[in-house]
Amino acid sequence: MIRAVLVAAALIAPGLAGAQGLEIRPVTAGVWAIVGEKAQRSAANLANNATFGLVVTGEGAVLIDPGGSWRGAEALHAAIRSVTDQPVRYVIDTGGQDHRWLGNGYWQAQGATVIASEDAVADQHARASMQMTALAQFLGDALEGTEPSYADVTFADEYALELGGMAFEIVHPGAAHTPGDSFVRVPERDVVFTGDIVYVERILGVGEQSSITEWPAAFEAVAATGAAHVVPGHGGPTTMDRARADTYDYLMNLRARIGALIDEGGDIMDAPKVDQSAFARLEQFEALAGRNAQTAFQQMEWE
């Protein structure tokens, strides 16, 4: 009865407060976005500074992204238990960032099967040591129990999962924020979980592992699903129009501005000065816009 009350509350309220700052937001029938902080990793958020997805079927649940640490995965599990008693049967890693895979070990210990693209697993292997070192600084003792653990099932470009009569189409369209980014489409619920291909409400990050060249095409692959409900990698559940405005339009503006700078003979020190002001409304803009421009310059000057 208590669980039923919580579910009913979720359907009429904007979101339910969960463990460690996680907010559970209903998307459509049997589908939730579990929205974490949009700021930096910390001992308080357990590296769950991202958005995760949950789909509940009659035969168990599918979790999109496992959390950024063992304790982060535990916090996600506590949030999940507030809306369903169903066990998490599958976990889908949508990429190579820490919150997309470093909680794998926890879920595998619960009996879940983890699925990821081959490119994501290669990226995870390549950056595991660096990510663990950084998280030791951000999380301190809260990192205890976290060890790199990799997917049980891998795929090259696409993978079809079925659970409880529901189809999950997992697609790796190419590099975006990380080399192995994937999205998950659930046609029966008209929803797509984008991982780090889509950011809303906060500025996206263009890192050394990102591809400013391929990312727009990855977004277009997401948009081609025509899904009515979009659960992004960062920010709350949204529409495709908002996803385009906050992600694709930002990327295309950055590419155009940096391309013009390169054509004019500018150098990397000029990159942070290019005009990104149309996106100053996005959270973390001051912290990331200049760095994004310099990384884009480094990648684009060799195109």
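Please refer to the structure placed before this passage.
Residues numbered from 1 in each chain as written. Predicted model: local features only at pLDDT ≥ 70, side-chain atom pairs only at ≥ 80, totals over all residues. Heavy atoms only, no water.

Re the overall build of the protein chain
Moving on, step 1. Along the backbone of the protein chain there are seven helices and 13 strands.
Moving on, step 2. The C-alpha radius of gyration of the protein chain comes to 19 Å, within 12% of the 19 Å expected for a compact globule of 303 residues.
Moving on, step 3. Taking the principal axes of its C-alpha atoms as reference, the protein chain extends roughly 65 × 40 × 35 Å.
Moving on, step 4. When burial is assessed residue by residue, the protein chain has 55% of its 303 residues classed as buried.
Moving on, step 5. For the protein chain, the computed accessible surface area is about 11900 Å², with 50% contributed by carbon and sulfur atoms.
Moving on, step 6. In the protein chain, 19 positive and 39 negative side-chain charges are present, and the distance between their average locations comes to 6 Å. (Helix = DSSP H or I, 4+ residues; strand = E, 2+ residues; numbered from the N terminus. Rg over C-alpha atoms; globule rule 2.2 N^0.38 Å. Buried < 20%, exposed > 50% of the residue type's maximum accessible area, 1.4 Å probe, protein only. Areas by Shrake-Rupley, 256 points an atom, 1.4 Å probe, with all protein chains shown as cover. Lys, Arg positive; Asp, Glu negative; His and termini not counted. Charge placed at Lys NZ, Arg CZ, Asp CG, Glu CD.)

Some thoughts on the layout of surface pockets
Moving on, step 1. Taken as a whole, the largest pocket holds about 710 Å³ of empty space.
Moving on, step 2. The wall of the largest pocket is formed by 28 residues, among which Gln40, Arg41, Gln97, Gln209 and Arg291 lie closest to the centre.
Moving on, step 3. Ranked by residue count, the leading element in the lining of the largest pocket is helix H4 (residues 118-139), at six residues. (1 Å grid on protein atoms, 1.4 Å probe; cavity = no way out; pocket = protein on both sides within 12 Å on 5 of 7 lines; lining within 4 Å. Points joined across faces, edges and corners; volume = space filled by probe spheres on them.)

Overview of the packing of aromatic side chains
Moving on, step 1. All told, the structure shown has seven aromatic pairs when counted by the stated rule.
Moving on, step 2. The interplanar angle of 35 degrees and the centroid separation of 5.5 Å between the aromatic rings of Phe219 and Tyr248 together place this pair among those described as tilted. Within this pair, whereas Phe219 is found in helix H5 (residues 215-223), its partner Tyr248 is found in helix H6 (residues 240-263), the two being separated by 29 residues in sequence. Comparing Phe219 with Tyr248, the two get one shared label, buried.
Moving on, step 3. Among the aromatic residues, those joined into a cluster by ring pairs are Trp70, Tyr106 and Trp107. (Phe/Tyr/Trp six-rings, centres within 6.5 Å; stacked < 30°, edge-to-face > 60°.)

With respect to the sheet that holds strand S9 (residues 158-163)
Moving on, step 1. Taking strand neighbours across the sheet as the criterion, the five strands line up as S9-S10-S11-S12-S13 in an open arrangement whose pairing is mixed. Because the sheet does not close on itself, it has two edges, and the strands there are S9 and strand S13 (229-231). Pairwise comparison of adjacent strand axes, ignoring direction, gives a mean angle of 20 degrees for this sheet.
Moving on, step 2. Sheet topology note: the strand S10 (residues 166-171)/strand S11 (residues 183-186) ladder contains three bridges and is antiparallel. The partner of Val171 across the bridge, within S11, is Phe183. (Pairing = 2+ DSSP bridges. Axes fitted to C-alpha atoms, helices over the stretch in contact; angles between N-to-C directions.)

Side note on the side chain of Asp123
Moving on, step 1. Along the chain, Asp123 falls in helix H4.
Moving on, step 2. With relative accessibility at 7%, the residue Asp123 sits in the buried group.
Moving on, step 3. Polar side-chain contacts of Asp123 include one of 2.9 Å to the side chain of Arg127.
Moving on, step 4. When near neighbours in sequence (up to four residues on either side) are disregarded, Asp123 contacts Gly96, Thr178 and Pro179. (Polar contact = N/O pair within 3.5 Å; in protein donor to acceptor, adjacent residues only side chain to side chain. Contact = heavy atoms within 4.5 Å.)

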